Amino acid sequence: MKIVMALMVLAIAAGGAAWIFIALRKYKERKAFEQEREASFVAEMLKNKPAPTAAPAPVATPKAPPADPLTATAESIRAALAAGRGAEAAKAFLAVVDQRTKLTLEPPTWEGLGRALLAQAAYLEAAWALHAGAVLAGDLVGAQKRLVEVAARAGDAGQAQNALKLYATLLAKYPQSQYADFVRANMKAEEKKLPKG
């Protein structure tokens, strides 16, 4: 009887150790996948980041308009935000939204643009801009918070479809997010708001 009990305890311990080993291996694989995915996203964003200039341009010299339309758009967004004209900045961005990954703006400018787009109820575009700014600044937790914030605002505005898209984006980009349970619960609430059909 003692031998049987000892064998059972040994079998349970071995099974537990095997389960822990498998769980750790899966966790490491998932973490490596997440890091690789995030690194490729950050690399794409950094690729479009403007290079620092060696010497600042003279202030007194009037600038000629840039030949590149995206550079001109980036400058008009910066100028509009600096002047407190968020709607104008949002309109300029929406005109080139299909080329947004090629637009070179600094993290604070992306943040300001995202807030301007949010004020215009352009939720998907606002989420993209706010997320991009946080990622470029190296604030991945902030990037996740911004997706949650905009998704909640879309849901509050009666745009359940957009809220669900943003929540799904967060779960796809950050499957191990600290906000994952909160997001899943909010997704269920938003799904109930969808029209039955």
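Just so we're clear, the structure is a prediction, and the values are computed from it rather than from any experiment.

Draft legend 1. Geometry of the side chain of Asn-162. Topologically, Asn-162 is positioned in helix H7 (residues 160-173). By relative accessible area, Asn-162 is classed as buried at 17%. Among residues more than four places away in sequence, those in contact with Asn-162 are Leu-124 and Ala-154.

Draft legend 2. Focus on the packing of helix H2 (residues 69-82) against helix H3 (residues 86-95). Relative to each other, H2 and H3 sit at 165°, their axes nearing to 7 Å. By the criterion of interaxial angle, the relationship of H2 to H3 is roughly antiparallel. For the pair H2 and H3, the sense of crossing is left-handed. Seen from H2, the contacting residues are Thr-73, Ser-76, Ile-77, Ala-80 and Leu-81; seen from H3, they are Gly-86, Glu-88, Ala-89, Ala-92 and Phe-93. Classifying every residue of the contact of H2 with H3 gives six nonpolar, three polar and one charged.

Draft legend 3. Structural context of the packing of H2 against helix H4 (residues 107-119). Between H2 and H4, the shortest axis-to-axis distance is 10 Å and the interhelical angle comes to 70°. As the angle between them shows, H2 and H4 are arranged roughly perpendicular. Facing Ile-77, Arg-78 and Leu-81 of H2, the residues of H4 in contact are Thr-109, Gly-112, Leu-113 and Ala-116. When grouped by side-chain class, the residues that make up the contact of H2 with H4 number four nonpolar, two polar and one charged.

Draft legend 4. Up close: the environment of Val-150. Here Val-150 shows up in helix H6 (residues 140-156). For Val-150, a relative accessible area of 0% corresponds to the buried category. As a C-alpha pair, Val-150 and Glu-125 span 25 residues in sequence and 9.8 Å in three-dimensional space. Other than its neighbours up to four places away in sequence, Val-150 contacts Leu-118, Tyr-123, Ala-127, Leu-130 and Leu-166.

Draft legend 5. Layout of helix H8 (residues 180-193). Here H8 spans 20 Å end to end across 14 residues, near enough to the 20 Å set by a 1.5 Å rise per residue. When we look at burial in H8, the residues that qualify are Ala-180, Val-183, Asn-186, Met-187 and Glu-190. Buried residues in H8, looked at end-on, bunch into an arc of 120°, giving them a common side. Turned more than 90 degrees away from the buried face of H8, the exposed residues are Asp-181, Lys-188 and Lys-192.

Draft legend 6. Spotlight on the nonpolar core. In terms of nonpolar packing, the biggest core is built from 45 residues, with Ile-77, Phe-93, Leu-103, Trp-110, Leu-113, Leu-117 and Val-183 touching the most fellow members. Ranked by residues supplied to this core, first place goes to helix H5 (residues 123-136) with ten residues. In this view, Leu-113 contacts Ile-77, Leu-81, Ala-89, Ala-90, Phe-93 and Leu-105; residues no more than four positions away in its chain are not counted.

Draft legend 7. Summary view of the pattern of salt bridges. Counted under the stated rule, the structure contains seven salt bridges. A salt bridge links Arg-146 to Glu-111, with the shortest nitrogen-to-oxygen separation between them at 2.8 Å. Taken together, the residues Arg-146 in helix H6 and Glu-111 in helix H4 connect sequence positions 35 residues apart. Salt-bridge contacts for Glu-190 lead to Lys-193; the nearest nitrogen and oxygen are separated by 3.2 Å. A residue pair is termed a helical-turn pair when its members lie 3 or 4 positions apart in one helix, as Glu-190 and Lys-193 do in helix H8 at three residues. By relative accessible area, Glu-190 is classed as buried at 6%. Beyond isolated ion pairs, a larger network of salt bridges with shared partners links Glu-111, Arg-115, Arg-146 and Glu-149.

Rules used in this analysis
- Residues numbered from 1 in each chain as written.
- Predicted model: local features only at pLDDT ≥ 70, side-chain atom pairs only at ≥ 80, totals over all residues.
- Heavy atoms only, no water.
- Helix = DSSP H or I, 4+ residues; strand = E, 2+ residues; numbered from the N terminus.
- Buried < 20%, exposed > 50% of the residue type's maximum accessible area, 1.4 Å probe, protein only.
- Contact = heavy atoms within 4.5 Å.
- Axes fitted to C-alpha atoms, helices over the stretch in contact; angles between N-to-C directions.
- Parallel < 35°, antiparallel > 145°, perpendicular 65-115°, else oblique.
- Left-handed = near helix turned anticlockwise from the far one by under 90°.
- Nonpolar A, V, L, I, M, F, W, Y, C, P; charged D, E, K, R; others polar.
- Expected span 1.5 Å × (residues − 1).
- Arc of directions from axis to C-beta.
- Core = buried A, V, L, I, M, F, W, Y, C linked by side-chain atoms within 4.5 Å.
- Salt bridge = Lys/Arg side-chain N within 4 Å of Asp/Glu carboxyl O.

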